[in-house]
Amino acid sequence: MWLKHRGLFLREMIRLEGRCSQAGAQSCLECNSPSLEYQCEDCLGSELYCSTCILLAHVHHPLHRLQLGHTTGQECLNPRRTFNDDFVVVDTHTESHVQQLLRISWFPLTTSDPKTTATFRVLEQYHLLSFESKVSTYEFYHTLRWMSDNTGLIPIKLFLRMIHEWRHLKKLKRSGRGHNPSGIDGTAEGECAVLCPACPHPGKNLPADWKEAPRQWLYGLFLAIDANFRLKRKAVSNDNVDPSLSCGWGYFMEEEAYKHFLCSSADSIQEKSTCSSHNAVNMADTKSNRGLAVTGLGTVDCARHIMKWPNAVGDLQKGERYINMDYLFFSTLRHTVLDTLNVSYNIVCQWHKKLWHRHRMSAFPLSMQLSHAVKTVSFFVPKFHLPAHIEQCQTSFSFNFKSGVGRTDGEAPEHGWANINPVASSTKEMGPGARRDTLDNCFGDSNWKKVVGLGKSIFDKIIH
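Here's what I pulled together on the structure shown here. All values derive from a computational prediction rather than experimental measurement.

Now for empty space enclosed by the protein. All chains considered together, the criterion is met by three cavities of 30 Å³ or more. There is about 90 Å³ of room inside the largest cavity. Where the lining of the largest cavity is concerned, the elements lending two or more residues are helix 4 (120-132), helix 14 (424-427) and helix 15 (432-463). Residues of the lining of the largest cavity, tallied by class, amount to five nonpolar, six polar and two charged. Approximately 50 Å³ is the volume found for the second largest cavity. Surrounding the second largest cavity, Ala224, Ile225, Asp226, Ser344, Tyr345, Asn346, Pro382, His385, Gly410, Glu411, Pro413 and Glu414 form its lining. Broken down by element, the residue count for the lining of the second largest cavity peaks at three residues, all from strand 5 (residues 221-228). Looking at side-chain class alone, the lining of the second largest cavity contains five nonpolar, four polar and three charged residues.

This is how it looks when you write it as structure tokens:
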């Protein structure tokens, strides 16, 4: 039911960051001074004041029993108690209780007769803390319990649900969905992902005639494929009970289509390795998954700048199987039209065999089938993994023997796992939807920090 109202939540969050419907106000509400400049983010209400009146207004405490839904200080016209509670919520004009709570930066647990809320401030605090310290929602929840009552007797109910919704709304807001004419439901797959600004994107950072340029290697895309078997999930809950709030809008793929493809390809048998005895290849069909719904995570990253690509993350059900990694690879390639692809993968010597085979490619939807004949696709083994391969692979798949790839090592995903692995202890206990959305949020934070630090990072590499 909450999904029907998320548009209202998103509009009110954006409204609070602006002038709160007071763009036409010319004077202070208290003294009529023309210096209308200040608004307190912690006090109830969103009124704008002059500097003198904002100081006087700070005698009010935001969590006292106050009248809501109208200008602070005015008499309430229609007081009414909320469902099964004892604080007053005002219902003026056509505003709902939910909207009134949102307008004072209180996040309601439900959209029907809410009686439990969390302040925007505590949700934002946990949101940022989860990125920096990887603290779990459970640990933060119980910290608040002990802060509220040192005997631990006062519960803070259903905080998990509110933070799940909060993360979803922040992702939509930051990707501009609140201002898009098509609204939230018009969001396309991968549209909420933070793109790597240093990778080539036609129409954004490439010249108009890039296709005719003689040095096409300059416009090559470097992708790195890898799997992480620490990011497991126990066999608890299901998608009906705990659905994802996104539909493949970020880094994870659209789950329903992904599962349908895996079911239709369930009979495929993984070929044994003809190179070294790679467990990722030979044990993909036998890896134990007792008590687990997900044995790990597969991803496709930008191999030069360590950033997740849109629709390039997916769950692994039984080891590192080709059908999973194929889907990840072709899914993210829908977001580029570049003709030069440089792909690194630690078992690429085995994985790339028959990749373009008619039967293997025809299993995919038409939108994901790649016209490889008109593209230049090169395959590599990451430099750290290369010595574990046989001699033939060490020459055929080495970055060192290929022109136009610079000093790329292809180990980008390995660097990124150190940042995400600490959340594994909490995400393995989550339901499928909460886990995907939590990891999606963490990947978005990581990508954004890369964008912010990219200038300094590239500069340091140039001068050193």
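A few words now on the packing of aromatic side chains. Enumeration over the complete set of coordinates arrives at 22 aromatic pairs. Summarising the aromatic geometry, the rings of Tyr258 and Tyr327 are spaced 5.2 Å apart at their centres and angled 45° between planes, so their arrangement reads as tilted. With Tyr258 in helix 7 (residues 255-264) and Tyr327 in helix 9 (residues 322-332), this pair connects stretches of sequence that are 69 residues apart. Take Tyr258: its relative accessible area is 1%, and that puts it in the buried class. Judged by its relative accessible area of 5%, Tyr327 falls in the buried class. Stacked on the ring of Trp417, the Lys or Arg Lys308 has its end atom at 5.0 Å from the ring centre.

Turning our eyes to something else, we now look at the side chain of Thr336. For Thr336, the location among the structural elements is in the loop between helix 9 and strand 10 (340-345). The buried category is assigned to Thr336, whose relative accessible area is 13%. A distance of 3.3 Å separates a polar atom in the side chain of Thr336 from the backbone nitrogen of Leu338. The residues touching Thr336, leaving out its near neighbours within four places in the chain, are Leu221 and Trp309.

Taken together, the side chains of Ile458, Phe459, Ile462 and Ile463 define a hydrophobic patch exposed on the protein surface, amounting to about 420 Å² of accessible area. Along the chain, Phe459 falls in helix 15.

Moving on to the sheet that holds strand 10. With mixed pairing, five strands are arranged side by side in an open sheet as 9-8-5-10-11. Of all the strands in the sheet, just strand 9 (307-316) and strand 11 (376-380) have a single pairing partner and so form its edges. This sheet shows a mean twist of 20° between the axes of neighbouring strands, independent of strand direction. With five bridges connecting them, strand 5 and strand 10 associate as parallel partners. Following the sheet pairing, Leu223 is matched in strand 10 by Val343.

By the burial criterion, the buried members of helix 7 are Glu255, Tyr258, Phe261 and Leu262. Taken end-on, helix 7 shows its buried residues confined to a sector of 130°, consistent with a single buried face. Helix 7 presents Glu256, His260, Cys263 and Ser264 as exposed residues on the side facing more than 90 degrees away from its buried surface. For helix 7, the secondary structure elements touched by its buried residues are strand 9, helix 9 and helix 15. With a side-chain oxygen positioned 3.3 Å from the backbone nitrogen of Glu256, the residue opening helix 7 is Glu254.

The rules behind these values
Residues numbered from 1 in each chain as written. Predicted model: local features only at pLDDT ≥ 70, side-chain atom pairs only at ≥ 80, totals over all residues. Heavy atoms only, no water. 1 Å grid on protein atoms, 1.4 Å probe; cavity = no way out; pocket = protein on both sides within 12 Å on 5 of 7 lines; lining within 4 Å. Points joined across faces, edges and corners; volume = space filled by probe spheres on them. Helix = DSSP H or I, 4+ residues; strand = E, 2+ residues; numbered from the N terminus. Nonpolar A, V, L, I, M, F, W, Y, C, P; charged D, E, K, R; others polar. Phe/Tyr/Trp six-rings, centres within 6.5 Å; stacked < 30°, edge-to-face > 60°. Buried < 20%, exposed > 50% of the residue type's maximum accessible area, 1.4 Å probe, protein only. Lys NZ or Arg CZ within 6 Å of the ring centre and 35° of its normal. Polar contact = N/O pair within 3.5 Å; in protein donor to acceptor, adjacent residues only side chain to side chain. Contact = heavy atoms within 4.5 Å. Patch = residues over 30% accessible without salt bridge, like charges linked within 9 Å, V, L, I, M, F, W, Y side chains within 5 Å. Areas by Shrake-Rupley, 256 points an atom, 1.4 Å probe, with all protein chains shown as cover. Salt bridge = Lys/Arg side-chain N within 4 Å of Asp/Glu carboxyl O. Pairing = 2+ DSSP bridges. Axes fitted to C-alpha atoms, helices over the stretch in contact; angles between N-to-C directions. Arc of directions from axis to C-beta.

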